[in-house]
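# Reading the structure
Residues per chain, in single letters:
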Amino acid sequence: MTDSKLRNEQIDELFEAILMLDDIEECYAFFTDICTAREIQSIAQRLHVARLLKIRKTYNVIEEETGASTATISRVNRSLNYGSNGYDLVLDKLIEKDLKRQRENKDN
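Residues numbered from 1 in each chain as written. Predicted model: local features only at pLDDT ≥ 70, side-chain atom pairs only at ≥ 80, totals over all residues. Heavy atoms only, no water.

All right, on to the overall build of the chain then. For the chain, the helix and strand inventory stands at six helices and zero strands. Listed N to C, the secondary structure of the chain is α-α-α-α-α-α in terms of helices and strands. Expressed along its principal axes, the backbone C-alpha trace of the chain runs to roughly 40 × 40 × 30 Å. Sequence-distant contacts in the chain: of pairs separated by 6 or more residues, those separated by 24 or more amount to 40%. Summed over its atoms, the accessible surface of the chain is roughly 9,000 Å², and 51% of this surface lies on carbon and sulfur atoms. Charged side chains of the chain number 16 positive and 20 negative; the gap between the two group centres comes to 9 Å. (Helix = DSSP H or I, 4+ residues; strand = E, 2+ residues; numbered from the N terminus. Contact = heavy atoms within 4.5 Å. Areas by Shrake-Rupley, 256 points an atom, 1.4 Å probe, with all protein chains shown as cover. Lys, Arg positive; Asp, Glu negative; His and termini not counted. Charge placed at Lys NZ, Arg CZ, Asp CG, Glu CD.)

What the rule picks out here adds up to one aromatic pair. Between Phe30 and Phe31, the ring centres sit 5.4 Å apart and the planes meet at 85°, which makes this aromatic pair edge-to-face. (Phe/Tyr/Trp six-rings, centres within 6.5 Å; stacked < 30°, edge-to-face > 60°.)

Here we come to the state of the cysteines. What the rule picks out here adds up to zero disulfides. Of all cysteine sulfurs, the one in Cys35 lies closest to Cys27, which takes part in no disulfide; the gap is 11 Å. Look at Cys27 and you get partly exposed, because its relative accessible area is 29%. (Disulfide = S-S within 2.5 Å. Buried < 20%, exposed > 50% of the residue type's maximum accessible area, 1.4 Å probe, protein only.)

Structure representation (structure tokens):
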């Protein structure tokens, strides 16, 4: 269990709701209703920044590719290095999924 200052019943309910979503279409429907377009874009941008940091891209390359500010890149980097390992958990799964997809495409 994560020791988080954010942890409360409302946030638990939010995360439980997210875990109930079955596919990308349901995610789009839910997140479009619960977040602004800008909030979704910001979250997606931070995840992409984390992915690029994980593969050791420079701040300049990341800024150019994502449009993220150096402050955002720095905050994501700090989370990667000193956070709760949430980025690593998700990125490892995404990278594994990408590799599996690449192997399947190569085999076909």
